[in-house]
Amino acid sequence: MLKNKKLLLSLTVLMSIFLLSSAVVMAQDSFIYWSMWEKGEPQQQVIEQAIKDFEEQYDVTVNVNWTGRDVVTALKPRLLAGENIDMTDQSGEELYGGLVANDVAGTMNDVLEMKVPNEDATVEDVLINESYGAYVREDGSLYIIPYNFITSAFWYDKGLFNDLGIEVPTTWDEFLQMAEMLKENNLDPVAYGIQTDVYRGYFPYQTAERILGKNALNNAASDPTGELFEDPRWERVGDILYQFSKEGKNLLMQGYESSVYPAPQMDWIMGRAGTFYCGTWIPVETKNAAGENFEYGAFKYPTFEDGDGDPTAVETYPIGFNVLKDSENSDLAKKFVAFFLQEKYAEQWVADTKNMTPRAGIAAPAELKDAKALLDNANSTFRLNDGIQADYPEWYANVFLPLASDILLGEIDGAEWAEEMRAETVKFWKNRE
Amino acid sequence: MKFKFSEIPKYLINLFLIFWIGFSLFMFFWLILSSFKTTREIYMGVWTMPSNISLDNYIRVLTDFGLLRFMVNSLFVVTISTVLVLVLSAPIAYVLSRLKFFGSSFISLGFIIGIGIPIQTIFIPLYLMMSGMSLTDSYLGLIWLYTVTSLPFTIYLLMGFFKTIPSTLEDAARIDGATATQSFLKIMLPMARSGLISAGIFVFVMLWKEFLLALVFISTENYKTISLGLYSLITKLTYTGDWGGLFAGVVLVILPSIIFYSILARKFIAGLTVGIGKG
Amino acid sequence: MDYRSSIFKKRYKNFILISTIPVVTFYVIFMILPIVQSLYYSLFKWSGFTSYKQYIGLKNYIDLTGDSLFLQSVLNSFKYVIFGSIIIIAITLMFTYVISNYKSKKLKDLVQMILFVPNTISPVALALLWGFILNTRWGLLNGVLDKIGLDFLQRGWLGNDYIFGAALSLLVWIHVGFFIVMYIAAADRIPTSLYESAKLDGASSWKQFTKITIPLIKDVIETSLVLWTIFSFKIFGYLYVFGAGGAGADAPPPVRNISVQLFLTAFGKRTPINRLAYASAMAIILLILVAILVYVIRNLLMSAETIEY
């Protein structure tokens, strides 16, 4: 590696001298990329291959640091110290909550208009709009160009549902019927672990999307008067959540109050529960433990007759690149972003990482076919946690998560939950005046 | 051994100790056993036996990740830091614990408070400082930081040990006209050897496991320490659901340190007990 | 001995200066100065991404008094100090009692060595492992309880009711091994003649331990108490990972001490709370609490008579 660099460097020097003689000064262009992936991960391998191709094709250098998921944390002191880092990647929520909120991320709108190399199309043309649409700010600016695309759903084993003769539910009533049938077959309806934040948050915001619609939770969270939580529909949300709890209709896996990642998903895959709500990464995380005939299926969060939200709506969240605001080599970095969206890399992404690509027209891996269909049939999409985790992270940690725990443990009922949400929100904002 | 009524507490505590050690060993055994299981077998239940003993998990983990490199890095950085810490701490600990001079108790208190400083509090200012000196992403920078952050604890620990050393010999030497350096090197150091050794073990162990500083100050693969390596490994393997590989990775990381420690520990604990009967 | 009035003063002066000044300078620049900087930062509204900060005076400190997660972490830290010190010191003393009585030096070394082993293992690995052991369905502990017929003792160890105790048990398991090495080394320094005369008087081994060993290793017990107090507030890796089930999630609030809460506030992990200045205020509170506690403990213990031998 180092030797290669030296070789490259000396070649560059030689070339520069040569070019100098012809009165053209040219140093090899490069940019610095800090990645959320770790060496050895399939995602890393796909990106690394693309980087190699990019370097060869344009005779440039990409200095990559495979930092891992804590990349934003690692970037922070370096940006503060004035180091130049050109590009990074993370999920939309982490990029927006960390880099965008603190004004160090650069806008990526211009990348949308760039041409994808070897193709007669722009980046905007090849990307599914839903993959980043929710991340366009009111002023029109966009800070992420996705290369990975995630949604969440209820997962189940198609074989199992067939054997038991269970229909995939659409409405809440059908969902409850499904739960009854699973219980009759000695299966817990929903694998669940309340001690892990990601799992805990799903039902409250998914329910809010259905009952009140997109951005309702986000708006209510940011209202210091708490008035938005006085809407009686929040009590309805609370009632539904209460039905999940062991005090309600007891839909969640036995022992969910003490269940921590990875227990819920593993208990589900081992056949101790019928369904599991999670993101599209779940087949990758569970495939090693899946039984031989396990067939991944997915259905969307149930709909409610009295809901005002779009019943077809699903959550989406992108993982993608951001070229930082103060990047010194932003042009080259953005060139790579467009380069990576070529069809061949998107296909490789799907094949090697078992994830969805935001590129239109490329089939999802078999395990994610249902989830992809949900997306294709959705009339609208919403952000992970309705955006509260990124926009109001402390409200999410101090108000949302603790109360989600209370209601899903059945310690308070729907009316109390709605009232607590209001009161705690008022208290939260008052303390920060 | 004949049973004595007055010795009942001893028997009971011994029983508890055996249970404690048994549990620890059993846990380790369970960890090793798990490292041979497939992911599915791990989640079937505690008592599921691996269907066939194969080294698949180990081979997969070893070929994919540069664990050995991380270990060598850690060994290098931690050893040098430990030696540096001891060299710097021993004299000052001696001075602070045995000689009262203007400001000595103030300085002692300063170091004791230093033990309570969480690294998170100071690492942003530290980072700016280190970055100014181009010491991030380097062995030297890490050694530097490890040394500084270990000082308060080591000094405090050594002060405790120096305090327990009786002063008769030192007093005699002083009356014979020995200089401070002489009585420190010839009398106090040998007598504090057990203290120095256990302080050395503790420093080594603390730094071997150190995670936060490495996370912030090291980002290139070449300089990563073993804790960082393990953290990466866990991320990689949990996100691909390879729990069998994860257990194998954990075994690979902890086994060398346990072996290494057992070799050292014999010598060190033997060193500690030399002091018996010499009060 | 007070060297200020001593004729040896001059002889010691150079040694004191040489051994003290470089280390203190080094220490002040790299550890104390940054604290002052942190104190300064705590008066601002600052995310830490850019150098832009807004001066807000003591607002961060006022906000802390209404921050339920922070207050919980303070309470947890005190719980770790109190329950942890009682349990750890009691167990370590009991083990010191039996181990220091072993005739075979080899056995003595071996037992100490095994007890110390958890300290050599990365916190990340141990916390992960402990989570597996305490898992409700396929954890080792519930599995063992079931096997030996004590299944009525099975619990959801990682639920809100038990998770603090679960985290504490991990810390106890590790730190007993840590302190035992210190205790035994101190106990071994006690002259055997003292025990022999006690034996002649017919004192039981327990009596010898309480009357001779404990008073004579008091210094080390005090050291361990002070250290544990500091650890309780400062311990990070174990509690950062424990209950999070791997590298990917935040540790649940019932196990967080100030240190973990501080980190999550300053840098987030999955939740992008980036309030570096606010976290600096937490750090200052943490330092003050530790300083007060250590001061109180030392004064309480130091007031007792020191025994010379």
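Residues numbered from 1 in each chain as written. Chains lettered and ligands numbered in written order. Predicted model: local features only at pLDDT ≥ 70, side-chain atom pairs only at ≥ 80, totals over all residues. Heavy atoms only, no water.

### Digging into the domain arrangement of chain A
Residue and element names in this part refer to chain A. Under the domain assignment, chain A is made up of domain 1 (2-143 + 318-376) and domain 2 (152-313 + 384-430). On a C-alpha basis, the centroid separation for the pair domain 1 and domain 2 is 33 Å. In this assembly, 13 residues from domain 1 lie in contact with 16 residues from domain 2. Regarding the contact of domain 1 and domain 2, the summed buried area is about 1,100 Å², with carbon and sulfur atoms giving 62% of it. Among the residues of domain 1 in contact with domain 2, Glu93, Asp370 and Leu374 are the three that bury the most area, contributing 45% of the side total. Lys158 is the partner of Asp370 in a salt bridge, and the nearest nitrogen-oxygen pair spans 3.3 Å. Where domain 1 packs against domain 2, one counts two residue pairs in polar contact (both at pLDDT 80 or more). Looking at the side of domain 1 that touches domain 2, the elements that each hand over two or more residues are α4 (92-100) and α16 (369-376). Counting residues per element, the side of domain 1 that touches domain 2 draws most heavily on α16, at three residues. Its residues assigned to classes, the side of domain 1 that touches domain 2 comprises five nonpolar, three polar and five charged. (Domains from an automatic or database assignment. Contact = heavy atoms within 4.5 Å. Buried area = accessible area lost by both parts, 1.4 Å probe. Salt bridge = Lys/Arg side-chain N within 4 Å of Asp/Glu carboxyl O. Polar contact = N/O pair within 3.5 Å; in protein donor to acceptor, adjacent residues only side chain to side chain. Helix = DSSP H or I, 4+ residues; strand = E, 2+ residues; numbered from the N terminus. Nonpolar A, V, L, I, M, F, W, Y, C, P; charged D, E, K, R; others polar.)

### Quick notes on the interface of chain C and chain A
Each partner contributes to the interface: chain C provides 42 residues, whereas chain A provides 42 residues. In this assembly, chain C packs against chain A so that about 3,400 Å² is buried in total across both faces, 51% of it on carbon and sulfur atoms. Among the residues of chain C in contact with chain A, C:Phe49, C:Arg137 and C:Arg270 are the three that bury the most area, contributing 23% of the side total. There are two salt bridges connecting chain C and chain A. The partner of C:Arg137 in a salt bridge is A:Asp188, and the shortest N-O contact between them spans 3.3 Å. Applying the counting rule to chain C against chain A returns 13 residue pairs in polar contact (both at pLDDT 80 or more). Mapped by element, the contributors of at least two residues to the side of chain C that touches chain A are α2 (59-64), α3 (68-100), α12 (258-267) and α13 (276-302) of chain C. Looking at the side of chain C that touches chain A residue by residue, the classes come out as 18 nonpolar, 16 polar and eight charged.

### Re a negative patch on the surface
All names here are of chain A. On the surface, Glu235, Asp239, Asp413, Glu416 and Glu420 cluster together into a patch of negative charge. At the level of secondary structure, the elements contributing two or more residues to the negative patch comprise α11 (233-244) and α19 (414-430). Checked against the element boundaries, Glu235 lands in helix α11. Look at Glu235 and you get partly exposed, because its relative accessible area is 36%. (Patch = residues over 30% accessible without salt bridge, like charges linked within 9 Å, V, L, I, M, F, W, Y side chains within 5 Å. Areas by Shrake-Rupley, 256 points an atom, 1.4 Å probe, with all protein chains shown as cover. Lys, Arg positive; Asp, Glu negative; His and termini not counted. Charge placed at Lys NZ, Arg CZ, Asp CG, Glu CD. Buried < 20%, exposed > 50% of the residue type's maximum accessible area, 1.4 Å probe, protein only.)

### Regarding the pairing of strand β3 (residues 87-91) of chain A
Residue and element names in this part refer to chain A. For β3, the buried fraction is high: five of the five residues fall into the buried class. Here two bridges tie strand β1 (residues 30-35) to β3, and the two strands are oriented parallel to one another. Directly across from Tyr33, in β3, lies its bridge partner Met87. In this sheet, strand β10 (residues 317-323) lies alongside β3 in antiparallel orientation, the contact comprising five bridges. Residue pairing for β10: Ser91 is matched across the bridge by Ile319. (Pairing = 2+ DSSP bridges.)

### Describing the side chain of B:Glu210
Considering the arrangement of structural elements, one finds B:Glu210 in the loop between α10 (193-209) and α11 (212-217). Buried within the structure, B:Glu210 lacks any salt-bridge partner; its nearest side chain of opposite charge belongs to C:Lys234, at an N-O separation of 9.3 Å. Engagement of the side chain of B:Glu210 in a polar contact is seen with the side chain of B:Tyr146, the distance being 2.9 Å.

### Regarding unusual backbone geometry
Residue and element names in this part refer to chain A. Here Tyr261 and Pro262 are connected by a cis peptide whose omega angle stands at 0°. Structurally, Pro262 is set in the loop between α11 and α12 (263-269). Positioned with a positive phi, Asp386 is a non-glycine residue whose angle comes to about 50°. Among the secondary structure elements, Asp386 is positioned in the loop between β11 (381-382) and α17 (388-391). The class for Asp386 is buried, based on a relative accessible area of 2%.

### Side note on the domain arrangement of chain B
Partitioning chain B into structural domains gives domain 1 (5-54) and domain 2 (65-240). Between the C-alpha centres of domain 1 of chain B and domain 2 of chain B there is a distance of 34 Å.

### A word on the packing of aromatic side chains
On inspection of all chains with the given rule, the structure shows 101 aromatic pairs over all chains. Geometrically, the ring pair formed by A:Tyr199 and A:Phe276 is edge-to-face, given 5.4 Å between the ring centres and 70° between the ring planes. With a gap of 77 residues between them, A:Tyr199 in helix α9 (residues 197-211) and A:Phe276 in strand β7 (residues 273-279) connect regions that are remote in the sequence. With respect to class, A:Tyr199 is no different from A:Phe276; both count as buried. Positioned over the ring face of C:Phe49 is A:Lys76, at 5.2 Å from the centre of the ring. Of note, C:Lys53 hangs over the ring of C:Trp46, and the distance from its end group to the ring centre comes to 4.5 Å. (Phe/Tyr/Trp six-rings, centres within 6.5 Å; stacked < 30°, edge-to-face > 60°. Lys NZ or Arg CZ within 6 Å of the ring centre and 35° of its normal.)

### Points about the sheet that holds strand β8 (residues 296-299) of chain A
Paired through their backbone hydrogen bonds, the strands of a sheet run either parallel or antiparallel. All names here are of chain A. Taken in spatial order, the four strands make up an open sheet running β6-β7-β5-β8, and their pairing is mixed. The open sheet has two edge strands with one neighbour each: β6 (188-191) and β8. Ignoring strand direction, the axes of neighbouring strands in this sheet form an average angle of 30°. Strand contacts of α9: β5 (152-157), β6 and β7, with the helix running at about 85° to β7, the strand carrying the most contacts. (Axes fitted to C-alpha atoms, helices over the stretch in contact; angles between N-to-C directions.)

### So, the sheet that holds β3(A)
Residues and elements named next belong to chain A. The sheet built from five strands is open, its strands ordered β2-β1-β3-β10-β4 with mixed pairing. Both outer strands of the open sheet, β2 (61-66) and β4 (145-150), are each paired with one neighbouring strand and no more. Taken pair by pair, the neighbouring strands of this sheet meet at an average axis angle of 20°, ignoring direction. Packing against the sheet, helix α2 (residues 42-58) makes contact with β1, β2, β3 and β4, and its axis sits at approximately 165° to β2.

### A few points about the pattern of salt bridges
Within this structure, the stated rule accounts for 23 salt bridges over all chains. For A:Arg383, the salt bridge is made with A:Glu93, and the minimal N-O distance between the two is 3.1 Å. Remark: A:Glu93 occurs in helix α4 and A:Arg383 occurs in the loop between β11 and α17; sequence separation between them is 290 residues. A salt bridge links B:Glu7 to B:Lys10; its shortest N-O distance comes to 3.7 Å. Judged by relative accessible area, which is 8%, B:Glu7 ranks as buried.

### What to know about the pairing of β5(A)
Residue and element names in this part refer to chain A. The element β5 is extensively covered by neighbouring structure, given that six of its six residues are classed as buried. One ladder, built from five bridges, connects β5 with β7; its direction is antiparallel. Residue pairing for β7: Tyr156 is matched across the bridge by Thr275. Bridge count for β5 against β8 is four bridges, and the pairing is antiparallel. Bridge pairing in β8 places Tyr156 opposite Gly297.

### Some words on the interface of chain B and chain C
Opposite the 104 residues of chain B that make contact, chain C presents 99 residues. Summed over both sides, the interface between chain B and chain C buries roughly 10,100 Å², with carbon and sulfur atoms accounting for 77% of that surface. Three residues stand out in chain B for area buried against chain C, namely B:Trp20, B:Arg174 and B:Lys209, and they jointly supply 7% of the buried area on that side. Between the two partners, chain B and chain C, sit zero salt bridges. Across the chain B-chain C interface, the total number found is eight residue pairs in polar contact (both at pLDDT 80 or more).

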